[in-house]
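Structural description and commentary
Listed below are the residues making up each chain.
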Amino acid sequence: MRSDGLLIRIASMIPVFFLVSIFIFLLYESIPSIFYNGWNFFTSYRWNPGITYQEPVPGPFGFRASPGASFGALLFLFGTAATSALALAIVVPVTLITTIALAMHTPRPMSRAVGASMQLFAAIPSVVYGLWGIVFLEPLLLKYVFPWTEATLGFIPWFRGPATSGSGLVASSLVLALMVLPITSAIVLDSFRSLQSRFQAPILSLGATRTEAGIAILGFARRQVVGAVFLGLGRALGETMAVLMTCGGAINVMPVDIYSPINTMAAALAALLDSAFIDASGMTLSALAELGLFLMIISLASSAAGRALAGRIVLRGEAW
Amino acid sequence: MVRARGMGMRRLRDALVGAAGLAISALLLAALLLVLAYVFYGAALRFEPEMLLTMGNTTSGGLLNAIVGTWLLSGLALAISALLAIFVAIDIAQYAGARVGSLLRATVDTMAAIPAMVYGLFGFLVFVIYLGMGYSLLAGSLTLSLMMIPYLARSTETAMGNVPKELVAAAYALGASRWQVISRVLLRFGRPLIISGALLTVSIGAGETAQLLYTAGWNPGLPTWFTHSQVGYLTYVVWAGINQPTPYPQGLAFVASALLVGMILVLLLISKWLEGREVRRA
Amino acid sequence: MMSTRASEAREGEVAISMRGIRVSAPGGAEILRGIDLDVYAGAINTIVGPSGSGKTTLLKVMNRLVELDGLRVEGRVEFQGRDLLKADPYWVRRQIGMVFQSPNPFPMSIYDNVAFGVRLHWKVSRGELDRIVEWALMEVGLYEEVKGNLRRSALTLSGGQQQRLCIARALAVRPSVLLLDEPTSSLDPYSRDVIEKLMLRLKSELTLVLVTHDLEQALRVSDYVAFMKFGSIVRWGAAEEVLSGWRDAGSGSHDPRQAHNGG
């Protein structure tokens, strides 16, 4: 019967319509900012909505903004890159070594229990991680870790300090790492297991140790491992609340060392959308839309790369 | 030139890697357990009965409005997204050809990859401003539902795929139409897994904040209508409360966190139990 | 040099001597019940039996893979002067190689497949490694077929070629014993023939232990045969005596002079 099929088709096209409209709306809303700010948006770290209580004045291409407005998102781009990079720098080696240990050195039931608990932790809300970061991690960093790094690594300018707060690059990267880890380990362990049954016996029969066998099998799964990293990156890029709560909320000042406050695109969006209301010209909102558009594009690119390599996407809760 | 690799070195490396890997795994589990323990312990320390029994804003009073608000938002979002996601799943599974099928799949996968704050921004622009709902239950739920669609579509598709092929074939053989097969066989026998997926999705929705910050607003009481009336929700309390300098709001934040984690845990456990039962049956 | 063959058995002698081998699952189920078996050097020792009789498990006892399945092993296996159940498992596995039922080449080049085991155990110069790979491939008769491009992925080979590659991979570490677990059961008759001929050639250099459910194959290649059923050996000895008795039994006449050839 064609009629029921038609109704279904109409209904199933609604999400497609929504997806397309997300793109269109963001693009439409960011056009003023794209033209007004130009490349400045990506090269300057000064985020200045201008004197917002005055009348908007025209700027480049005729788009209007408050006098003196100039929006540069370099700080947020940098912060996103830095926190994601640091988080992945922690997550990747940890994932690899724990995969080898869990798959080759522990009995099945135990590794499955670990897997199940990982799934649980992927479901903990972002704000709860943020709360833990604020109340536990940051004081810990400030009281114990930073004095140590200042003392031992202080000869490197970035570590000299002095640290005045626990929030910043380190805290937010650590929290981010904790949140990305369940995802990447899930995919890597899954890929490992699917190869393990076929190759473990022949590799071991040649006289390899468990670790050597584990390394070899991970090597066979190289593509999926890289895919898992991209998928983890996609998650890290979009993480908002936990980062917002632990990054220090920097505006208009680039970090000078690892103890400085920073900001990421997602966190900045959450923090700055407020300020869009008082800007009568609407340019702040447009700049934020451009930021959101850019964030969406790189997140989608990362996820697409991850999907291409690992053969799947990851939804929270379906990891193990 | 041939030189043997010392077996001693190899065993040492094997033992070291094994030990290090296991130690790190244990450390990770401990860290994650620490997060949970810290939250629950902190909540227990700061708990006061009025937190659960009264409404409040984020600096005083209780969490009742936020609890109700979280359920309202998640529930309504689930209803909206379920409506759409199920049809997507049905279309992919039964009706769509290769091209429409991959379009739908690509859509679902793409929607899953969009950052939460981008949904929040979109929801603010479209639902709150352009469609004029203002901060409201409807705006928040609609935004949340967009995020939920991929989860539900995926789990429903899996649920329908889990139904034994023989049942489907038998139904067709008895002369059932396509829609009848879907409604009477696939959706019926797939129900436990669909519900399991729905519970999982709600648990994720309950923990979201970014989508709601600029769509649901905040309300020290309960919303009066779907539009133009703001809603309070637990994750907002966590965020706002912990940033206050005084202890009581921080206590609210802790208790709200404990409530969230508790709710999510329960939903997850039920979801996994349902799933486990189905898998065992099949 | 790569291998010391000082304590190796010479042709005709017993290479591996198994006594009282019991293997049980964690739940208590017995898979092998008190097996006694001798494996003769420079010969093809075949173990035949229906599926589930425990022949693969018996094989895996010899290269210590059985413990990876979580099974418990008791008994003694004498090999090169020691009990290999108590010896270093890595040493055992290098001396006793294995080929599996379905060909399982690693997703790497042909060259890297053969070199894999060698690289594990030795630091070898490029030239030396080339020679080892070439030698192993020639041993299995693959060299002429693949020498044009050793960098090709092993997965591009046919089933029979892949299995021969797996044999080459096992041979590259110069074991003194090669275990073959139904190596031809997933192959076409032509490949099966090629590999049987290969086994007959190899027995002059190695000891082979073959597990098969194919009686015809056992007839074609074996020097010694052991029959297994339900985890025990019901008959074993020199091939002609055991198999001819079996054949006669199959055709209805019993020869009371069945030889139970003890070790």
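Residues numbered from 1 in each chain as written. Chains lettered and ligands numbered in written order. Predicted model: local features only at pLDDT ≥ 70, side-chain atom pairs only at ≥ 80, totals over all residues. Heavy atoms only, no water.

Of regular secondary structure, chain B possesses twelve helices and one strand. In sequence order, the secondary structure elements of chain B are arranged as β-α-α-α-α-α-α-α-α-α-α-α-α. Taking 19 Å as the expected radius of gyration for a compact globule of 282 residues, we find that chain B reaches 24 Å, considerably beyond that expectation. Oriented by its inertia axes, the alpha-carbon framework of chain B measures out at about 70 × 65 × 35 Å. Going through the 282 residues of chain B one by one, you find that 54% of them count as buried. Look at the contacts in chain B between residues 6 or more apart in sequence, and 74% of them connect residues 24 or more apart. (Helix = DSSP H or I, 4+ residues; strand = E, 2+ residues; numbered from the N terminus. Rg over C-alpha atoms; globule rule 2.2 N^0.38 Å. Buried < 20%, exposed > 50% of the residue type's maximum accessible area, 1.4 Å probe, protein only. Contact = heavy atoms within 4.5 Å.)

The interface is formed by 19 residues belonging to chain C together with 15 residues belonging to chain A. Both sides together, the interface formed by chain C and chain A hides about 1500 Å², and carbon and sulfur atoms give 75% of it. In this structure, the connection of chain C to chain A is made through zero salt bridges. At the boundary of chain C with chain A, the tally comes to one residue pair in polar contact (both at pLDDT 80 or more). Among the secondary structure elements, those contributing two or more residues to the side of chain C that touches chain A are helix 2 (89-95), strand 6 (96-99), helix 3 (110-121) and helix 6 (159-171) of chain C. Considering each element in turn, the side of chain C that touches chain A owes the most residues, four residues, to helix 3 of chain C. In terms of residue class, the side of chain C that touches chain A is built from 13 nonpolar, four polar and two charged. (Buried area = accessible area lost by both parts, 1.4 Å probe. Salt bridge = Lys/Arg side-chain N within 4 Å of Asp/Glu carboxyl O. Polar contact = N/O pair within 3.5 Å; in protein donor to acceptor, adjacent residues only side chain to side chain. Nonpolar A, V, L, I, M, F, W, Y, C, P; charged D, E, K, R; others polar.)

Residues and elements named next belong to chain C. Read across the sheet, six strands follow the order 6-8-9-3-10-11 without closing on themselves; strand pairing throughout is mixed. Strand pairing shows two members of the sheet lacking a second neighbour, strand 6 and strand 11 (232-238), which therefore form its edges. Taking each pair of neighbouring strands and ignoring which way they run, the sheet shows an average axis angle of 15°. Looking at chain direction, strand 3 (residues 44-48) and strand 9 (residues 207-212) are connected through five bridges and run parallel. From the neighbouring strand, Asn45 faces strand 9, where its bridge partner is Val209. Relative to the sheet, helix 6 contacts strand 6 and strand 8 (177-181), its axis offset from that of strand 6 by approximately 170°. On the sheet, helix 7 (residues 189-202) packs against strand 3, strand 8 and strand 9 and is oriented at approximately 150° with respect to strand 9. (Pairing = 2+ DSSP bridges. Axes fitted to C-alpha atoms, helices over the stretch in contact; angles between N-to-C directions.)

Before going further, it helps to spend a moment on the interface of chain B and chain A. Contacts between the two partners involve 79 residues from chain B and, on the opposite side, 81 residues from chain A. For the pair chain B and chain A, the summed buried area comes to about 7100 Å², and 80% of that belongs to carbon and sulfur atoms. When the area that chain B buries against chain A is broken down by residue, the three leading residues are B:Leu32, B:Leu121 and B:Tyr214, summing to 8%. In this structure, A:Glu212 engages B:Arg13 in a salt bridge whose closest nitrogen and oxygen atoms are separated by 4.0 Å. The tally of links between chain B and chain A comes to nine residue pairs in polar contact (both at pLDDT 80 or more). Among the elements that take part in the side of chain B that touches chain A, helix 1 (residues 7-46) of chain B stands out by supplying 20 residues, more than any other. When grouped by side-chain class, the residues that make up the side of chain B that touches chain A number 60 nonpolar, eleven polar and eight charged.

For the coordinates displayed, the defined rule picks out 25 salt bridges over all chains. C:Arg119 is the salt-bridge partner of C:Asp112, the closest N and O atoms lying 3.0 Å from each other. Taking relative accessible area as the criterion, C:Arg119 reaches 34% and is therefore assigned partly exposed. One continuous salt-bridge network, built from bridges that share partners, spans A:Glu212, B:Arg10 and B:Arg13.

This part is about the confidence of the model for chain B. Parts of the model with low pLDDT should not have their predicted coordinates read in detail. The pLDDT averaged across chain B works out to 90; a share of 99% of its residues lies at or above 70. In the predicted complex, the global pTM is 0.89; the interface-specific ipTM is 0.92. (pLDDT = per-residue confidence, 0-100.)

Right, let's get into the packing of helix 8 (residues 178-189) of chain B against helix 9 (residues 191-206) of chain B. Residue and element names in this part refer to chain B. Where helix 8 meets helix 9, the closest approach of the two axes is 4 Å, and the angle between their N-to-C directions is 55°. With respect to their mutual orientation, helix 8 and helix 9 come out oblique. Judged by residue contacts, Leu187, Arg188 and Phe189 of helix 8 engage Arg191, Pro192 and Ile194 from helix 9. By residue class, the composition of the contact of helix 8 with helix 9 is four nonpolar, no polar and two charged. (Parallel < 35°, antiparallel > 145°, perpendicular 65-115°, else oblique.)

Below, the discussion takes up the nonpolar core. Counting residues in hydrophobic clusters, the biggest one holds 152 residues, and the most contacted among them are A:Leu26, A:Trp47, A:Phe76, A:Tyr129, A:Leu273, A:Leu291 and B:Phe127. Counting residues in hydrophobic clusters, the runner-up holds 64 residues, among them A:Ile183, A:Ala213, B:Val17 and C:Met62. (Core = buried A, V, L, I, M, F, W, Y, C linked by side-chain atoms within 4.5 Å.)

What follows is about helix 4 (residues 108-122) of chain A. For the α-helix, the turn length of 3.6 residues means that residues three or four positions removed from each other point alike. Between its terminal C-alpha atoms helix 4 of chain A stretches 21 Å, which fits the 21 Å expected from 15 residues at 1.5 Å a residue. Of all the positions in helix 4 of chain A, only A:Ser111, A:Val114, A:Gly115, A:Ser117, A:Met118, A:Gln119, A:Phe121 and A:Ala122 are classed as buried. (Expected span 1.5 Å × (residues − 1).)

This part covers unusual backbone geometry. Residues and elements named next belong to chain C. Phi angles above zero are rare outside glycine, and Arg64 is one such case at about 65°. By the element assignment, Arg64 lies in the loop between helix 1 (55-62) and strand 4 (72-79). Take Arg64: its relative accessible area is 7%, and that puts it in the buried class. At Glu182, a position not held by glycine, the phi torsion is positive, near 45°. Among the secondary structure elements, Glu182 is positioned in the loop between strand 8 and helix 7.

On to the packing of aromatic side chains. All names here are of chain A. All chains considered together, the criterion is met by 29 aromatic pairs over all chains. Measuring from ring centre to ring centre gives 5.4 Å for Trp132 and Phe136, while their planes differ by 25°; the resulting arrangement is stacked. Residue Trp132 and its partner Phe136 are both found in helix 5 (residues 126-153); the two are separated by four residues, about one turn of the helix. Of the residues examined, Trp132 reaches a relative accessible area of 6% and is grouped as buried. Residue classification places Phe136 among the partly exposed positions, given a relative accessible area of 24%. (Phe/Tyr/Trp six-rings, centres within 6.5 Å; stacked < 30°, edge-to-face > 60°.)

All names here are of chain C. Two elements, strand 1 (residues 14-24) and strand 2 (residues 30-40), share seven bridges in a ladder whose sense is antiparallel. Bridge pairing in strand 2 links Ile21 to Ile35. Where strand 1 folds back onto strand 2 in an antiparallel hairpin, the turn is made up of five residues, including Gly28, whose phi is positive at roughly 115°.

This part takes up the side chain of B:Thr107. As for its placement among the helices and strands, B:Thr107 is situated in helix 4 (residues 98-113). For B:Thr107, a relative accessible area of 5% corresponds to the buried category. Excluding anything up to four places from it in sequence, B:Thr107 contacts A:Pro15, A:Val16 and A:Leu19.

Its place among the elements puts C:Leu198 in helix 7. Once residues within four sequence positions are removed from consideration, C:Leu198 is found in contact with C:Glu139, C:Val140, C:Arg164 and C:Ile167.

Moving on, we get to the packing of helix 6 of chain C against helix 7 of chain C. All names here are of chain C. Two elements in contact, helix 6 and helix 7, have axes separated by 9 Å at closest approach and are oriented at 20°. Judged on the interaxial angle alone, helix 7 and helix 6 are roughly parallel. At the point where helix 6 passes helix 7, the crossing takes the right-handed sense. Residue-level inspection shows Gly160, Gln163, Arg164, Ile167 and Leu171 of helix 6 in contact with helix 7, the latter providing Ser191, Val194, Ile195, Leu198 and Leu202. Residues belonging to the contact of helix 6 with helix 7 are distributed by class as follows: six nonpolar, three polar and one charged. (Left-handed = near helix turned anticlockwise from the far one by under 90°.)

Residue and element names in this part refer to chain C. Taking every second residue as pointing to the same face, both faces of strand 6 are buried, with Ile96 and Met98 on one and Gly97 and Val99 on the other. Strand direction decides the pairing type here: strand 6 and strand 8, joined by four bridges, are parallel. Residue Ile96 lies in a different strand from strand 8, and its bridge partner there is Val177.

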